[in-house]
Amino acid sequence: MTDATGTVELRPLQVEANGINVIAESERKGRPRDLFWPWFAANISVLGLSYGSFEFGFGISFWQAIIVGVVGIVLSFLACGFIALAGKRGSAPTMVLSRAAFGVNGNKLPTVISWLLTVGWETVLVILATLATATVFHRLGVGGGTGTKVIALIIVVALTIFGGVMGFDLIMRMQTWITIVTGVFTVVFIALVADKIHWHAVSAIKGGTAQDLIGALVFMMTGFGLGWVNCAADYSRYLPRRSSGSGVVGWTTFASSIAPIFLLVFGLLLAGSSSSLNSAISADPIGALTTLLPTWFLVPFAIVAVLGLIGGSVLDIYSSGLALLTLGLRIPRYRAALIDGTVMTLGTIYVVFAAHNFVGQFEGFLITLGVPIAAWCGVMLADIALRRRDYADAELFTPTGRYGDIRWIPVLAVIVSTGIGWGLVTNSSASWLTWQGYLLSPFHLGGKTGAWAYANLGVLIALAIGFLVTGLFSRSAVRAEEAVPVPATAGAQA
């Protein structure tokens, strides 16, 4: 479908037929600036306010938290911007393009990691939406117990799965409206609670050590951009290949970063002004913010909170479905989204109705999967930097093509750097992760209780190893691939 100018139109009420195939030239549409809507909507969630409390948990001051927060957000989303560039070049999902770096079958390892991360994130966002809704209704005096949580879960899950099943066009339309609605209500929220800020309390918070700063920086990177790198090309793949590369990088980075930075600064001011709020956020990161609001704004707050979280969960379920297909599951894309939605629902039920200490488990999840995804990100960034030409479309789907079956250097780089990285991270709040940190003593970093225990160096080291190993040892392989002429094809099949 095209408009009068010949530009392909969105078809939001039609189930997307594309899976992991290369998008045909006739279906490529839009401009780099159109990436603003999905990325802004996915990151305007009021959860961003709670990161102020999370950062203070590392024992750092307000100004230290501002610096490491902004740096962590921008740098991690800049990585998303560069990976989105691959989507424009190859017109395929992120984890399909990753086959060029790892080989068609070697790529199964990072694709499994990607699937776990996206399903984990969509589950986290649905959990938060459910808890926030229950808290709001409790404040209103009309529920808040198990029944309310069940109803909230059903609504949030239904909206998330619906968006994931319908696909790209509906998601782009949803994200536009989510951006507008959540943007307006977030500004109103900030205006209503601005008088809760007490600068004397915020400015009195003492600063932390270098190790504390590194720990907060890594947490911000894993909580923001590193949580999205594995699906960054899933939306830029629909852009025409003539689109500006700098525009793709710039709009992705800007749209993803601007709201989290604004929300983080305000969240730091709120959390630093109230020790009780700071503590409450650990149990219910979004619901705790309702204690600051007048009763009349609780329902609008619930709407903005839920919509913001759905904006992120919809992108995740869409990308997790693509990851399943990339692993070789031969079913339509919408069925893959339904499978992921089922896993997401079961995980949400467990956390909402059985588990406790959400923040501890959340931090453990982020850091544990943050290590291997950082290693993959390093490999992918180096591989993209080495390439000078578009991908050979059809050969992304066959192990006998130029990208090969298994490229062992990148695969081993991820495995080894993950092993090293897990040895340099810890999380005492999640009992299932006590095995981590096994290299802190051998490396003379003070062991699991020393100063470096919560710096989470493993994420940064895994990222660096992946990038350096690929950049140094894959250059000749990439040059050889690009020396082979690309056959003229109409596109590739999944």
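Residues numbered from 1 in each chain as written. Predicted model: local features only at pLDDT ≥ 70, side-chain atom pairs only at ≥ 80, totals over all residues. Heavy atoms only, no water.

## Some thoughts on the state of the cysteines
Within the structure shown, the criterion is met by 0 disulfides. Cys231 carries a free sulfur, and the closest cysteine sulfur to it, the one in Cys80, is 7.3 Å from it. (Disulfide = S-S within 2.5 Å.)

## Observations regarding the packing of aromatic side chains
Tallied over the full model, the rule gives 21 aromatic pairs. With 6.2 Å between their ring centres and 85 degrees between their planes, Trp39 and Tyr235 make a pair best called edge-to-face. Here Trp39 is found in helix α1 (residues 36–43), whereas its partner Tyr235 is found in helix α11 (residues 233–236), with 196 residues between them in sequence. Here the two residues Trp39 and Tyr235 agree in accessibility, since each one is buried. Relative to Phe219, the ring of Phe54 has its centre 5.9 Å away and its plane inclined at 90 degrees; by these criteria the two rings are edge-to-face. Of this pair, Phe54 sits in helix α2 (residues 47–56) while Phe219 sits in helix α10 (residues 210–223), and the two are 165 residues apart along the sequence. For the pair formed by Phe54 and Phe219, the shared burial category is buried. One aromatic cluster is present, built from ring pairs that chain together Tyr51, Phe54, Phe58, Phe77, Phe219 and Phe224. (Phe/Tyr/Trp six-rings, centres within 6.5 Å; stacked < 30°, edge-to-face > 60°. Helix = DSSP H or I, 4+ residues; strand = E, 2+ residues; numbered from the N terminus. Buried < 20%, exposed > 50% of the residue type's maximum accessible area, 1.4 Å probe, protein only.)

## Observations concerning empty space enclosed by the protein
One pass over the structure, following the stated rule, counts 2 cavities of 30 Å³ or more. When its volume is computed, the largest cavity comes out at roughly 180 Å³. Around the largest cavity, the lining is made up of 14 residues, and of these Ala42, Asn43, Leu47, Gly223 and Trp228 lie nearest the centre. Those elements that place two or more of their residues in the lining of the largest cavity are α1, α2 and α6 (108–140). (1 Å grid on protein atoms, 1.4 Å probe; cavity = no way out; pocket = protein on both sides within 12 Å on 5 of 7 lines; lining within 4 Å. Points joined across faces, edges and corners; volume = space filled by probe spheres on them.)

## Quick look at a nonpolar patch on the surface
Together, Leu109, Ile406, Trp408, Leu412, Ile415 and Val416 make up an exposed nonpolar region whose accessible area comes to about 540 Å². With 4 residues, the top contributor of residues to the nonpolar patch is helix α17 (residues 408–422). Mapped onto the fold, Ile406 is located in the loop between α16 (358–386) and α17. Relative accessible area serves as the criterion here: at 33%, Ile406 is assigned to the partly exposed category. (Patch = residues over 30% accessible without salt bridge, like charges linked within 9 Å, V, L, I, M, F, W, Y side chains within 5 Å. Areas by Shrake-Rupley, 256 points an atom, 1.4 Å probe, with all protein chains shown as cover. Salt bridge = Lys/Arg side-chain N within 4 Å of Asp/Glu carboxyl O.)

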